[in-house]
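Descriptive structure summary
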Amino acid sequence: MITRPMPARVRAAYRAEMRAARTAAAPEARWRHLERAHILSQPWPWPHTANHLAMFALAVRQRDRREALGQVVRIIVAAPGSALGRYPEGNTGRATVGLTRPMPVPADLAALLRTA
């Protein structure tokens, strides 16, 4: 269970990815940044939930019903999963990926998370 705050370096990277997701021109780039932010946020309940809220908002803007519904489920389970340390490491958080499917963590993000 994570009871400590997100380390400053991880928080800065998370915020940079979330900012990039808001400002990227291409939808694919927005999703890529949100996925990276998701991987960084998984151990912390609030950032993890905030990431899924951003994914939900993007899915709604794109009128992607499947993704939006998948994000509703993820919004509900994100905080409890993080608080209990029960989340699939490396999972990108998209509705196209199983809720419990672990995935490889990109090397740069893995290095940041190791410091946490």
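Before reading further, recall that the structure is shown in the block above.
Below, the structure is looked at part by part.

Counting 19 residues, the largest nonpolar core has M6, V10, Y14, M18, W31, L34 and L40 as its most contacted members. Only α1 (8-23), α2 (27-41), α3 (45-61) and α5 (107-115) provide two or more residues apiece to this core.

Along the polypeptide, R74 turns up in helix α4 (residues 65-83). Those residues in contact with R74 that sit more than four places away from it in its chain are H52, G93, R94, A95, V97, G98 and L99.

A surface patch of nonpolar side chains, about 390 Å² in accessible area, is lined by V72, V73, I76, V77 and L99. Relative to the elements of secondary structure, L99 occurs in the loop between α4 and α5.

What follows deals with α1. With 16 residues, α1 extends 22 Å between its outermost C-alpha atoms, agreeing within 8% with the 22 Å of an ideal straight helix rising 1.5 Å per residue. Of all the residues in α1, the buried ones are V10, A13, Y14, E17, M18, A20 and A21. Looking down the long axis of α1, one finds its buried residues gathered within 160° of arc, a one-sided arrangement. With respect to the buried face of α1, the exposed residues turned more than 90 degrees away are R9, R22 and T23.

Another point: α4. Taking 1.5 Å per residue, 19 residues should reach 27 Å; α4 reaches 28 Å between its end C-alpha atoms and fits that length. At V77, α4 shows its strongest bend, of approximately 40°, with the proline P80 following within four residues. Along its buried surface, α4 packs onto α2 and α3. N-cap assignment for α4: the residue whose side-chain oxygen lies 3.4 Å from the backbone N of R66 is D64. Downstream of α4 by a residue or two, G85 has a phi angle that is positive, lying close to 70°.

Okay, the environment of P80 next. Residue position: P80 is located in helix α4. P80 sits 33 residues away from P47 along the chain, and the two C-alpha atoms are 12 Å apart.

On to the packing of α2 against α3. Two elements in contact, α2 and α3, have axes separated by 9 Å at closest approach and are oriented at 160°. Taken together, the axis directions place α2 and α3 in an arrangement best described as roughly antiparallel. Considering how the two elements wind past one another, α2 and α3 form a crossing that is left-handed. On the side of α2, the interface is formed by R30, W31, L34, E35, A37, H38 and S41, while α3 contributes P47, H48, N51, H52, A54, M55, L58, A59 and R61. Here the contact of α2 with α3 is composed, by residue class, of 8 nonpolar, 5 polar and 3 charged.

Cut-offs and rules
Residues numbered from 1 in each chain as written. Predicted model: local features only at pLDDT ≥ 70, side-chain atom pairs only at ≥ 80, totals over all residues. Heavy atoms only, no water. Core = buried A, V, L, I, M, F, W, Y, C linked by side-chain atoms within 4.5 Å. Buried < 20%, exposed > 50% of the residue type's maximum accessible area, 1.4 Å probe, protein only. Helix = DSSP H or I, 4+ residues; strand = E, 2+ residues; numbered from the N terminus. Contact = heavy atoms within 4.5 Å. Patch = residues over 30% accessible without salt bridge, like charges linked within 9 Å, V, L, I, M, F, W, Y side chains within 5 Å. Areas by Shrake-Rupley, 256 points an atom, 1.4 Å probe, with all protein chains shown as cover. Salt bridge = Lys/Arg side-chain N within 4 Å of Asp/Glu carboxyl O. Expected span 1.5 Å × (residues − 1). Arc of directions from axis to C-beta. Bend = angle between axes of the 7 residues up to and from the residue. Polar contact = N/O pair within 3.5 Å; in protein donor to acceptor, adjacent residues only side chain to side chain. Axes fitted to C-alpha atoms, helices over the stretch in contact; angles between N-to-C directions. Parallel < 35°, antiparallel > 145°, perpendicular 65-115°, else oblique. Left-handed = near helix turned anticlockwise from the far one by under 90°. Nonpolar A, V, L, I, M, F, W, Y, C, P; charged D, E, K, R; others polar.

Bear in mind that shape data such as this cannot, by itself, settle questions of function.
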